[in-house]
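Working through the structure, step by step
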Amino acid sequence: MVRKVLSLPPIQIPGIGGLDMSLTNSVVTMLVAIVGISVFFFVGGRGRIVPGRLQAAGEMVYDLVDKGLTGPMIGDRGRPFLPYVFALFLIIAVLNIWGVVPGQFTVTSQLCITVTLAVVTFAMVIVVGFVRNGLGFFRLFVPSGVHWVLLLLVVPIEVVSFLVRPITLSMRLFGNMIGGHVVLYMFGSFVVAMALWASHGGLQSLGFIGSALSLVMVVALSALELIVAFLQAFVFAALTCTYLSDVVNLDHGH
């Protein structure tokens, strides 16, 4: 649920109307996440000869993105994009995990946030594609070795599949995060409902057993949500690397 934390005066833009610049809990959560990540790497990477725990943890995450994503998926040409993929992975992972904490807000369960991340990534792919390949970027939609007759069918399919990438990228993250929290909310409601039913003269033993089982499911699903939170950040970053690899290594694949 998006709530206004601090209302700022709206900015009036002629022809568009009032632009609401209210500071919402989504904005606050993202700012806290960015500041927390910055402080973590600043404190953990102060150039010690013997790495401490924070530096070792930071290097582990860095190696995961460098040697597990950009390196094998894009190759040596992917080095310039490592900072973006690394920042993208960290921000999504922190926001996802933060949302699992009871009472906190899951920013990535907001479709506008996931769409923005996907559109930024999609725009970067297009820009990089034209900068590196020029008009040769359109070769992306023409698979090599396909007969020209089949190209009449294949090219439109390739174009459509390329254009829906931001939609699928954003919906995957949004759906997984909001779906898990809906299930957690349902089982959390069962805990309270079954306990109230037992306390108001119902089948007390059955009510307490149902409440206890629901509580166990909440704990188990919370642990699963932590895994899903990390995996969804990894998947988003991996797909970003895949899309960048398509345009960065376009001359190698055709």
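Now for a look at the structure at hand. Here the residue numbers are simple positions, counted from 1 along each chain's written sequence. Predicted model: local features are reported for residues with pLDDT of at least 70 only, side-chain atom pairs are reported and counted for 80 or more only, and whole-chain, interface and lining totals are derived from all residues. Side-chain metrics in this entry use all non-hydrogen atoms of the structure; hydrogen atoms and water are not considered.

Our next topic: the overall build of the protein. Along the backbone of the protein there are 8 helices and 4 strands. A helix here means a DSSP run of H or I that spans at least four residues, while a strand means a run of E at least two residues long, and both kinds are numbered starting from the N terminus. Reading the protein from its N terminus to its C terminus gives the helix and strand order β-β-β-β-α-α-α-α-α-α-α-α. A 1.4 Å probe rolled over the protein chains alone gives each residue an accessible area, and that area as a share of the maximum for its type sets the label: buried under 20%, exposed over 50%, partly exposed in between. Counting across all 254 residues of the protein, residues that qualify as buried make up 34%. In this description, contact between two residues means that some pair of their heavy atoms is separated by no more than 4.5 Å. Of the contacts made within the protein by residues no fewer than 6 positions apart, 68% connect residues no fewer than 24 positions apart. A 1.4 Å probe and the Shrake-Rupley method give the accessible areas. Residues count as covered only by the protein chains that appear here. Summed over its atoms, the accessible surface of the protein is roughly 14700 Å², and 75% of this surface lies on carbon and sulfur atoms.

What follows covers the pattern of salt bridges. For this document, the term salt bridge refers to a Lys or Arg side-chain nitrogen within 4 Å of an Asp or Glu carboxyl oxygen. Tallying each qualifying case throughout the model produces 2 salt bridges. Note that Arg 79 is salt-bridged to Asp 66, the shortest N-O span being 2.6 Å. Here Arg 79 is found in the loop between α2 (53-74) and α3 (82-100), whereas its partner Asp 66 is found in helix α2, with 13 residues between them in sequence. On the accessibility criterion, Asp 66 (11% relative accessible area) is buried. Among the salt bridges present, the one from Asp 246 reaches Arg 165, with a minimum N-O distance of 3.0 Å. With Asp 246 in helix α7 (residues 204-248) and Arg 165 in helix α6 (residues 165-199), this residue pair connects regions lying 81 residues apart in the sequence. Classification of Asp 246 as partly exposed rests on a relative accessible area of 24%.

This brings us to a nonpolar patch on the surface. Exposure above 30% relative accessible area and the absence of a salt bridge qualify a residue for a patch, where like charges join within 9 Å and nonpolar side chains (Val, Leu, Ile, Met, Phe, Trp, Tyr) within 5 Å. A surface patch of nonpolar side chains, amounting to about 540 Å² of accessible area, comprises Leu 111, Val 115, Val 119, Val 160, Val 164, Ile 167 and Met 171. Of all the secondary-structure elements, those providing two or more residues to the nonpolar patch are α4 (111-133) and α6. Counting residues per element, the nonpolar patch draws most heavily on α4, which supplies 3 residues. Among the secondary structure elements, Val 115 is positioned in helix α4.

To continue, consider the packing of aromatic side chains. Centres within 6.5 Å make a pair out of two Phe, Tyr or Trp rings, where for Trp the six-membered ring is used; the pair is then stacked when the planes are under 30 degrees apart, edge-to-face when over 60, and tilted otherwise. Across all of its chains, the model carries 12 aromatic pairs by this definition. Residues Phe 137 and Phe 138 carry aromatic rings whose centres are separated by 5.9 Å and whose planes lie at 65° to one another, so their mutual orientation is edge-to-face. When its relative accessible area of 42% is taken as the criterion, Phe 138 is described as partly exposed. Site record: aromatic cluster; members linked through ring pairs are Phe 122, Phe 130, Phe 137, Phe 138, Phe 141 and Phe 162.

In this model helix α5 (residues 148-163) runs 22 Å from its N-terminal to its C-terminal C-alpha over 16 residues, within 8% of the 22 Å that 1.5 Å per residue would give. To get the bend at a given residue, fit one axis to the seven residues ending there, fit another to the seven starting there, and take the angle between those axes. At Val 154, α5 shows its maximal bend, which comes to roughly 30°, and the proline Pro 156 appears one to four places after that position. Helix span, expected: 1.5 Å multiplied by one less than the number of residues in the helix.

All right, on to the packing of helix α1 (residues 25-44) against α3 then. The relative placement of two packed helices is expressed as an angle between their axes plus a distance between the axes. Structural elements are reduced to axes, namely lines fitted to C-alpha atoms, with helices fitted over the stretch in contact, and the angle between N-to-C directions of any two is expressed from 0 to 180 degrees. Packing of α1 against α3 brings their axes to within 10 Å, and their N-to-C directions diverge by 120°. Judged by the inter-axis angle, α1 sits oblique to α3. Relative to α3, the crossing made by α1 is right-handed. Packed against α1, whose contacting residues are Thr 29, Met 30, Ala 33, Ile 34, Ile 37 and Phe 41, the element α3 presents Phe 86, Leu 90, Ile 91, Val 94, Leu 95 and Trp 98 at the interface. For this classification, Asp, Glu, Lys and Arg are treated as charged, while Ala, Val, Leu, Ile, Met, Phe, Trp, Tyr, Cys and Pro are nonpolar and the rest, including Gly, are polar. Split by residue class, the contact of α1 with α3 holds 11 nonpolar, 1 polar and no charged. Orientation labels follow simple angle bins: below 35 degrees gives roughly parallel, above 145 gives roughly antiparallel, 65 to 115 gives roughly perpendicular, and whatever is left gives oblique. For any helix crossing, the convention is left-handed if the near helix is rotated counterclockwise from the far helix by under a right angle, and right-handed if that rotation is clockwise.

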